[in-house]
Amino acid sequence: RNARCEAVVEALAEGETEDEDLRARQVAYTLKRLVRGLASPRDMARHGYCLALTELLCTYESVSPTEVVEMMAETMTVSGSMKGDETRDVFFGRVFGCMALVRSGRLADDAARSVAEMLAHAARTKVFLGEICVELLGELAKQRGFDAFESELLPEIGSLMAEASNVDAVCLVARLRGLFPSQRPEAAQCPAIWNASPLSHPDNLPSVAEALKSSTANHPRVHSVWQHVLADL
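As the structure is a computational prediction, the values presented were derived from the model and not from experiment.

**Looking at the overall build of the chain**
- Broken down by element type, the chain carries 12 helices and 0 strands.
- Over its C-alpha trace the chain gives a radius of gyration of 19 Å, about what one expects of a compact globule, namely 17 Å for 233 residues.
- In terms of overall dimensions, the chain has C-alpha extents of about 65 × 40 × 30 Å along its principal axes.
- For the chain, the residues scored as buried account for 46% of the 233 residues in total.
- Of the contacts made within the chain by residues no fewer than 6 positions apart, 66% connect residues no fewer than 24 positions apart.
- Distance between charge centroids for the chain: 6 Å, based on 24 positive and 33 negative side chains.

Spelled out as structure tokens, the structure:
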């Protein structure tokens, strides 16, 4: 996969000295194929498409994150006629697409808001995707900084963090508290467990303890919530 992704980027780069219009069409075609491939159910296909899309975003400034978000929304929609595994593949595709966008380090403004909303929706809808979604939201918040987090991201993820005893909510709040230790959002979406310090405060403990107890419900391993909660403590 690594070799194939590198070959794709190099092949597009070779056209930079040729017809610019042709190269632009080649990049647009490649982008469309990569975004559509994110929802492929074939073994390990998503990993390769996600890696290639990340490299494309990192290499070509002409590839707009907003364009990728719009293409994802257009090609990966859920309909009532879909079967369970088809719906699952769409949500996986969305998350892998968001992962590529976050890892490119180029998200801002409306594109950042859209990705935050998409990740929050996936976390609420598919519990097995919650952990990776909140980790990506934490990484996006780290990239954007506190002011942008409060204005761009918090309105989109506030309802996700409001479920105080939900393990993903506690994981995200603990991560954000670690990122912004001396800052507290003023917005109404900020959950109470963010404001009471530390997370082991008596007001927080019932919710946090319940979340930790349920942390292995979706995956039979140690949930990343533990590393963030322990760091907070």
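**Focus: the nonpolar core**
- In terms of nonpolar packing, the biggest core is built from 72 residues, with Leu53, Val68, Val115 and Phe149 touching the most fellow members.
- If we skip the residues at most four places from it in the chain, leucine 53 touches Leu31, Leu34, Val35, Leu38, Val68 and Ala100.

**Things to note about the pattern of salt bridges**
- In the structure shown here, the tally under the stated rule is 11 salt bridges.
- Of the charged contacts, one joins arginine 113 and aspartate 110 as a salt bridge, the two residues approaching to 2.7 Å between their closest N and O atoms. You can see arginine 113 and its partner aspartate 110 sitting in helix H6 (residues 109-125), 3 residues apart, about one turn around the helix.
- On the basis of relative accessibility, which here comes to 54%, the residue aspartate 110 falls in the exposed class.
- A salt bridge links lysine 213 to glutamate 210; the shortest N-O distance between them is 3.6 Å. You can see lysine 213 and its partner glutamate 210 sitting in helix H11 (residues 205-213), 3 residues apart, about one turn around the helix.

**Brief notes about the layout of surface pockets**
- The space that makes up the largest pocket amounts to roughly 160 Å³.
- Contributing to the lining of the largest pocket are Arg1, Arg4, Cys5, Val8, Thr30, Leu34, Ala45, Gly48, Tyr49 and Ala52.
- When contributions to the lining of the largest pocket are tallied by element, the ones reaching two or more residues are helix H1 (2-14), helix H2 (20-37) and helix H3 (45-59).
- Tallying contributions element by element places H3 first for the lining of the largest pocket, with 4 residues.
- The residue inventory of the lining of the largest pocket, partitioned by class, reads 6 nonpolar, 2 polar and 2 charged.

**Details of a positive patch on the surface**
- On the surface, a cluster of positive charge is contributed by Lys32, Arg33, Arg36 and Arg42.
- Tracing the backbone shows arginine 36 in helix H2.
- For arginine 36, a relative accessible area of 54% corresponds to the exposed category.

**Brief notes about a nonpolar patch on the surface**
- A cluster of nonpolar side chains, Val222, Trp226, Leu230 and Leu233, forms an exposed patch at the surface whose accessible area comes to about 430 Å².
- Mapped onto the elements of the fold, leucine 230 is located in helix H12 (residues 225-232).

**Points about H1**
- Under the 1.5 Å per step criterion, the end-to-end length of H1 is 18 Å for 13 residues, consistent within 8% with the ideal 18 Å.
- Listed in full, the buried residues belonging to H1 are Cys5, Val9 and Leu12. Angular distribution of buried residues about the axis of H1 spans 65°; they occupy a single face of the element. Of the exposed residues in H1, the ones pointing more than 90 degrees away from its buried face are Ala3, Arg4 and Glu14.
- Buried residues in H1 make contact with H2 and H3.

**Considerations on the environment of alanine 112**
- Position of alanine 112 among the secondary structure elements: in helix H6.
- Distance from alanine 112 to glutamate 152, taken between C-alpha atoms, is 7.0 Å for residues 40 residues apart in sequence.

**Some remarks on the confidence of the model for the chain**
- Taken as a whole, the chain shows an average pLDDT of 87; of its residues, 95% reach a score of 70 or greater.
- Mean pLDDT values for the elements of the chain range from 76 in helix H10 (residues 192-195) up to 95 in helix H7 (residues 130-144).

**Topic: the side chain of arginine 46**
- Along the chain, arginine 46 turns up in helix H3.
- Here arginine 46 falls in the buried class, since its relative accessible area comes to 14%.

What counts, and at which threshold
- Residues numbered from 1 in each chain as written.
- Predicted model: local features only at pLDDT ≥ 70, side-chain atom pairs only at ≥ 80, totals over all residues.
- Heavy atoms only, no water.
- Helix = DSSP H or I, 4+ residues; strand = E, 2+ residues; numbered from the N terminus.
- Rg over C-alpha atoms; globule rule 2.2 N^0.38 Å.
- Buried < 20%, exposed > 50% of the residue type's maximum accessible area, 1.4 Å probe, protein only.
- Contact = heavy atoms within 4.5 Å.
- Lys, Arg positive; Asp, Glu negative; His and termini not counted.
- Charge placed at Lys NZ, Arg CZ, Asp CG, Glu CD.
- Core = buried A, V, L, I, M, F, W, Y, C linked by side-chain atoms within 4.5 Å.
- Salt bridge = Lys/Arg side-chain N within 4 Å of Asp/Glu carboxyl O.
- 1 Å grid on protein atoms, 1.4 Å probe; cavity = no way out; pocket = protein on both sides within 12 Å on 5 of 7 lines; lining within 4 Å.
- Points joined across faces, edges and corners; volume = space filled by probe spheres on them.
- Nonpolar A, V, L, I, M, F, W, Y, C, P; charged D, E, K, R; others polar.
- Patch = residues over 30% accessible without salt bridge, like charges linked within 9 Å, V, L, I, M, F, W, Y side chains within 5 Å.
- Areas by Shrake-Rupley, 256 points an atom, 1.4 Å probe, with all protein chains shown as cover.
- Expected span 1.5 Å × (residues − 1).
- Arc of directions from axis to C-beta.
- pLDDT = per-residue confidence, 0-100.

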